Each structure stands twice: as C-alpha cells, then as structure tokens.
Amino acid sequence: MKKVLLVAATVAMSMGSFSVQADGAGMYNALGCVGCHGANGAGASAPKLAGKDAAFLVKQLKDFQSGARKDPTMNAMAPMALGHEQAIADFLAGQ
Ligand code: HEC
C-alpha cells in the first residue's frame, strides 16, 4: 500500500500538480478568490472576472492594493496577490 502511494505521489509530482500554486489558476484557488468570484472567475457572490481584459484586471488589483480603488473586501484581498497579479489576470482573461 505504501509503495502504491509513493508511486502515485511521484507520478503526481512529475506531472507538476504539486507546483500548481505557482501559476495563475493555482494562485486564484489557493488565495481563496474562488470563494467569492466562483470557479474560473465565472462569478458568484462577487463579480464575474472570467474573460475580462488582463490589463484591466491587473490595474484593478493594483488599485485595490494602493487604495486608489476602495472596497473593504478587495482592499484586504488584493495584497495577497502581490507579485502574482499578471499570472492571475492572464488565467482569468483566458476563461
Ligand atoms: C470575500 C469575497 C472576495 C474575495 C475572497 C475576493 N474578492 Fe475580488 N471582489 C469582491 C467584491 C465584492 C468585488 C466588487 C468590489 C466593488 O464593487 O468595487 C470584487 C472585485 C474584484 C475585481 C474587480 C472586478 C471588476 O470588474 O472591476 C477583481 C479584479 C478582483 N475582485 C479580483 C480578486 C482576486 C484576484 C481575488 C483573490 C486574491 C479576489 N478578488 C478575492 C469580493 C471578493
């Protein structure tokens, strides 16, 4: 049993599924954006992000970070995306 698990883990790692948090989709899910904006940014309790222009999304995140755009929730959430704005925006724009 242990051996089977070890093989499964090795295969999963070689397929890259353990480094998924480094990409936009992984960050979007890991940071909890998905909880409000829905699966793949389809929209839920928070606005739809899927298919929006990547440059627009990056600007909104930076504006939430700087406080130029005010929303208590996003002013708290956006700093968590620091350094990953472009990756997350590219992922969402492609949905
Ligand atoms: C607790 C709920 C919640 C979470 C978690 C959350 N958001 Fe939001 N988000 C909102 C709400 C509500 C708005 C609308 C704010 C407004 O009306 O100005 C918003 C707005 C946005 C916008 C602007 C959309 C537009 O069309 O102008 C972007 C981009 C965004 N969120 C990205 C993210 C990202 C990336 C994450 C994860 C780091 C995230 N959000 C996490 C609730 C959330």
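Look a little higher up for the structure.
Residues numbered from 1 in each chain as written. Predicted model: local features only at pLDDT ≥ 70, side-chain atom pairs only at ≥ 80, totals over all residues. Heavy atoms only, no water.

Asks: Quick one: what's the story with the coordination of the iron atom of the ligand, residue by residue and with numbers?
Replies: Protein-derived coordination of the iron atom of the ligand comes from His37 (NE2) and Met74 (SD), at a distance range of 2.0 to 2.2 Å. Seen from the iron atom of the ligand, its 6 donor atoms lie at angles of 85 to 178 degrees, and the figure they make is octahedral. Remark: methionine 74 occurs in helix α5 (residues 72-77) and histidine 37 occurs in helix α3 (residues 33-37); sequence separation between them is 37 residues. The pair histidine 37 / methionine 74 is uniform in exposure class, with both members buried. (Donors = N, O, S within 2.8 Å, 3.2 Å for Na, K, Ca; no water. Tetrahedral: all angles 85-135°; square planar, octahedral: opposite > 155°, others 65-115°. Helix = DSSP H or I, 4+ residues; strand = E, 2+ residues; numbered from the N terminus. Buried < 20%, exposed > 50% of the residue type's maximum accessible area, 1.4 Å probe, protein only.)

Asks: Now, about the packing of helix α4 (residues 54-66) against helix α6 (residues 85-93): what can you tell me, with residues and values included?
Replies: At a minimum axis separation of 8 Å, α4 and α6 run at an interaxial angle of 140 degrees. As far as their axial angle goes, α6 and α4 are oblique. Like other packed secondary-structure pairs, α4 and α6 cross with a definite hand, here right-handed. Contacts between α4 and α6 involve Ala54, Leu57, Val58, Leu61, Lys62 and Gln65 from the former and Glu85, Gln86, Ala89, Asp90, Leu92 and Ala93 from the latter. Within the contact of α4 with α6, the residues separate by chemical class into 7 nonpolar, 2 polar and 3 charged. (Axes fitted to C-alpha atoms, helices over the stretch in contact; angles between N-to-C directions. Parallel < 35°, antiparallel > 145°, perpendicular 65-115°, else oblique. Left-handed = near helix turned anticlockwise from the far one by under 90°. Contact = heavy atoms within 4.5 Å. Nonpolar A, V, L, I, M, F, W, Y, C, P; charged D, E, K, R; others polar.)

Asks: Can you explain the site of the ligand? Please cite residues and give values.
Replies: Within the structure, the ligand sits among 18 residues, and Cys33, Cys36, His37, Arg69 and Met74 are positioned closest to it. Residue histidine 37 places a side-chain N or O atom 2.8 Å away from a nitrogen atom belonging to the ligand. At 2.7 Å from an oxygen atom of the ligand is found a side-chain nitrogen or oxygen belonging to arginine 69. The set of elements that each furnish at least two residues to the shell around the ligand consists of α3, α4 and α5. (Near = heavy atom within 4 Å. Polar contact = N/O pair within 3.5 Å; in protein donor to acceptor, adjacent residues only side chain to side chain.)

Taken by themselves, the reported measurements are silent on function.
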